[in-house]
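# Notes for the structure review
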Amino acid sequence: MATPTPDSQDQFDQFDDEDTDQQLGATASGRKRLFSKELRCMMYGFGDDQNPYTESVDFLEDLVIEFITETTHRAMEVGRPGRVQVEDIIFLVRKDPRKYARVKDLLTMNEELKKARKAFDEVKYVEDQQ
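Residues numbered from 1 in each chain as written. Predicted model: local features only at pLDDT ≥ 70, side-chain atom pairs only at ≥ 80, totals over all residues. Heavy atoms only, no water.

Moving on: the overall build of the chain. Within the chain one finds five helices and zero strands. Helices and strands appear in the chain in the N-to-C order α-α-α-α-α. Looking at the 130 residues of the chain, the share that counts as buried comes to 14%. Considering only contacts within the chain whose residues lie at least 6 apart along the sequence, 27% involve residues at least 24 apart. For the chain, the exposed surface amounts to about 11100 Å²; the carbon and sulfur share of it is 56%. (Helix = DSSP H or I, 4+ residues; strand = E, 2+ residues; numbered from the N terminus. Buried < 20%, exposed > 50% of the residue type's maximum accessible area, 1.4 Å probe, protein only. Contact = heavy atoms within 4.5 Å. Areas by Shrake-Rupley, 256 points an atom, 1.4 Å probe, with all protein chains shown as cover.)

This is the structure:
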């Protein structure tokens, strides 16, 4: 039986380091995982196992990050250079009915939440004055 050469031992050490990094929530490229918990919950909600494979979650997160990055870059090119505004995002998704409807729903919900918070703060302020 042949003894492992120093080069082959380095290869095994390399894989051990990658496993340790991924357990800590980092990718092989060193980027921290931002959406793992949310993606796991979403995957479960859409019919996946309660504890989906880490590789699946990581792959899906890579896709999400790529989509967000590309959309942000495109939005920076559309409107005022170097700035992303809501109108830029609406412009980018205007031809995709599902995305457009979701953006409109989220913006409407955001406005309703702002109004509700303002009304709640006003009631709280009036109660504190009495």
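Text resumes after the structure shown.
Okay, the confidence of the model for the chain next. Taken as a whole, the chain shows an average pLDDT of 82; of its residues, 76% reach a score of 70 or greater. Taking the mean pLDDT of every element in the chain, the minimum, 45, falls on helix 1 (residues 6-23) and the maximum, 96, on helix 2 (residues 36-45). The model gives residues 8-24 a pLDDT under 50, and that stretch makes four contacts with residues more than four places away or in other chains. (pLDDT = per-residue confidence, 0-100.)

With that out of the way, let us pick up helix 3 (residues 54-78). Between the first and last C-alpha of helix 3 there are 36 Å, a value that for 25 residues agrees with the 36 Å anticipated at 1.5 Å per step. Along helix 3, the residues classified as buried are V57, D58, E61, I65, T71 and A75. (Expected span 1.5 Å × (residues − 1).)

Attention shifts here to the pattern of salt bridges. Taken as a whole, this structure holds five salt bridges when the rule is applied. A salt bridge links E61 to R33, with the shortest nitrogen-to-oxygen separation between them at 3.7 Å. Linking E61 in helix 3 with R33 in the loop between helix 1 and helix 2, this pair joins segments that are 28 residues apart in sequence. Notably, a salt bridge pairs D96 with K99, separated by 3.7 Å at the nearest N-O pair. The class for D96 is partly exposed, based on a relative accessible area of 29%. For K99, a relative accessible area of 37% gives the class partly exposed. (Salt bridge = Lys/Arg side-chain N within 4 Å of Asp/Glu carboxyl O.)

Close contact between helix 2 and helix 3 brings their axes to 10 Å; oriented N to C, the two are set at 110°. In this view, helix 2 runs roughly perpendicular relative to helix 3, as classed from their interaxial angle. Of helix 3, the residues touching helix 2 (which contributes S36, L39, R40 and M43) are T54, S56, V57, L60, E61 and V64. Residues belonging to the contact of helix 2 with helix 3 are distributed by class as follows: five nonpolar, three polar and two charged. (Axes fitted to C-alpha atoms, helices over the stretch in contact; angles between N-to-C directions. Parallel < 35°, antiparallel > 145°, perpendicular 65-115°, else oblique. Nonpolar A, V, L, I, M, F, W, Y, C, P; charged D, E, K, R; others polar.)

A separate point is helix 4 (residues 86-93). Within the span of helix 4, buried status applies to D88, I90, L92 and V93. At its buried positions, helix 4 is contacted by helix 3 and helix 5 (97-129).

So, on to the packing of helix 4 against helix 5. For the pair helix 4 and helix 5, the least separation of the axes is 8 Å and the interaxial angle reads 155°. As judged from the angle between their axes, helix 4 and helix 5 are roughly antiparallel. Pair helix 4 / helix 5 crosses with left-handed handedness. Of the residues in helix 5, those in contact with V86, I90 and V93 of helix 4 are K99, Y100, V103, K104 and L107. Per-class residue counts for the contact of helix 4 with helix 5 are six nonpolar, no polar and two charged. (Left-handed = near helix turned anticlockwise from the far one by under 90°.)

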